Amino acid sequence: QVQLVESGGGFVQAGGSLKLSCAASGRIFSIETMGWYRQAPEKQRDLVASITRLGNTNYADSVKGRFTISRDNAKNMAYLQMNSLKPEDTGVYYCNGQVATSRWGTRNTFWGQGTQVTVSS
């Protein structure tokens, strides 16, 4: 129905940068909010950053000033630019979206499969 696919993860040294991409496809009428979540080993999945359709952003305190979330509504894509990476940024990064699949339907949450980001010290 709706699929989100992440790309751009990998290995990087502390202080380096990565840019993640998320492509949403399928039965999409609109996407109100898109976000990036991180799940570190043995920890719960936590919000990293989110962005509304109109461009309002929210960031976890731990990434403020280092990460930037953006989106392209016409392409149904979201991005996460990660700078000054730290070992504690290591984890699986998941893209999600609050998606309406019809003009009158309710929004549902869809998740990507995740992409691994490993920051070495």
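As a reminder, the structure under discussion sits directly above these lines.
Residues numbered from 1 in each chain as written. Predicted model: local features only at pLDDT ≥ 70, side-chain atom pairs only at ≥ 80, totals over all residues. Heavy atoms only, no water.

Undergrad: What am I meant to see in the overall build of the chain here?
TA: A tally of helices and strands in the chain yields zero helices and eleven strands. Helices and strands appear in the chain in the N-to-C order β-β-β-β-β-β-β-β-β-β-β. The dimensions of the chain, computed from C-alpha atoms along their principal axes, are 50 × 25 × 25 Å. Within the span of the chain, comprising 121 residues, buried residues form 43% of the whole. Within the chain, contacts between residues at least 6 apart in sequence are counted, and of these 56% link residues at least 24 apart. By element, 46% of the accessible surface of the chain is carried by carbon and sulfur atoms, the whole surface being about 6600 Å². Of the side chains in the chain, 13 bear a positive and 8 a negative charge, and the two mean positions are spaced by 8 Å. (Helix = DSSP H or I, 4+ residues; strand = E, 2+ residues; numbered from the N terminus. Buried < 20%, exposed > 50% of the residue type's maximum accessible area, 1.4 Å probe, protein only. Contact = heavy atoms within 4.5 Å. Areas by Shrake-Rupley, 256 points an atom, 1.4 Å probe, with all protein chains shown as cover. Lys, Arg positive; Asp, Glu negative; His and termini not counted. Charge placed at Lys NZ, Arg CZ, Asp CG, Glu CD.)

Undergrad: Mind showing me how you'd approach the state of the cysteines here?
TA: As used in these notes, a disulfide is a covalent bond between sulfur atoms, one from each of two cysteines. The full count for this structure, using the stated rule, is one disulfide. Disulfide pairing is shown between C22 and C95; the S-S distance is 2.0 Å. For the disulfide bridge between C22 and C95, the dihedral angle about the S-S bond is near -80°, and by the sign convention the bridge is left-handed. Residue C22 is found in strand β3 (residues 18-26), and its partner C95 is found in strand β9 (residues 91-100); the two are separated by 73 residues along the sequence. As far as burial versus exposure is concerned, C22 and C95 are alike and both buried. (Disulfide = S-S within 2.5 Å.)

Undergrad: So what exactly am I meant to see when it comes to the side chain of N96 here?
TA: Here N96 lies in strand β9. Judged by its relative accessible area of 8%, N96 falls in the buried class. Excluding residues that lie within four positions of it along the chain, N96 makes contacts with L4, T33, M34, G35, Y37, T109, F110 and W111.

Undergrad: Looking at this model, I keep getting lost on the sheet that holds strand β7 (residues 67-72). Mind explaining?
TA: Pairing between the strands of a sheet comes from backbone hydrogen bonds, and it takes one of two forms, parallel or antiparallel. Ordered by their spatial adjacency, four strands build an open sheet running β1-β3-β8-β7, and the pairing between neighbours is antiparallel. A strand with exactly one partner marks an edge of an open sheet, and here the two such strands are β1 (2-7) and β7. Neighbour to neighbour, the strand axes of the sheet diverge by 15° on average, direction disregarded. Pairing of β7 with strand β8 (residues 77-82) involves six bridges; the strand directions are antiparallel. The partner of R71 across the bridge, within β8, is A78. (Pairing = 2+ DSSP bridges. Axes fitted to C-alpha atoms, helices over the stretch in contact; angles between N-to-C directions.)

Undergrad: Looking at this structure, I do not really get the nonpolar core. What am I missing?
TA: A general tendency of soluble globular proteins is for nonpolar side chains to be buried together. W36, V48, F67, L80, M82 and Y93 are the most contacted members of the largest nonpolar core, which has 28 residues in total. Those elements giving two or more residues to this core turn out to be β1, β3, β4 (30-39), β5 (45-52), β7, β8, β9 and β11 (115-120). In terms of residue count, β3 provides more of this core than any other element does, four residues in total. (Core = buried A, V, L, I, M, F, W, Y, C linked by side-chain atoms within 4.5 Å.)

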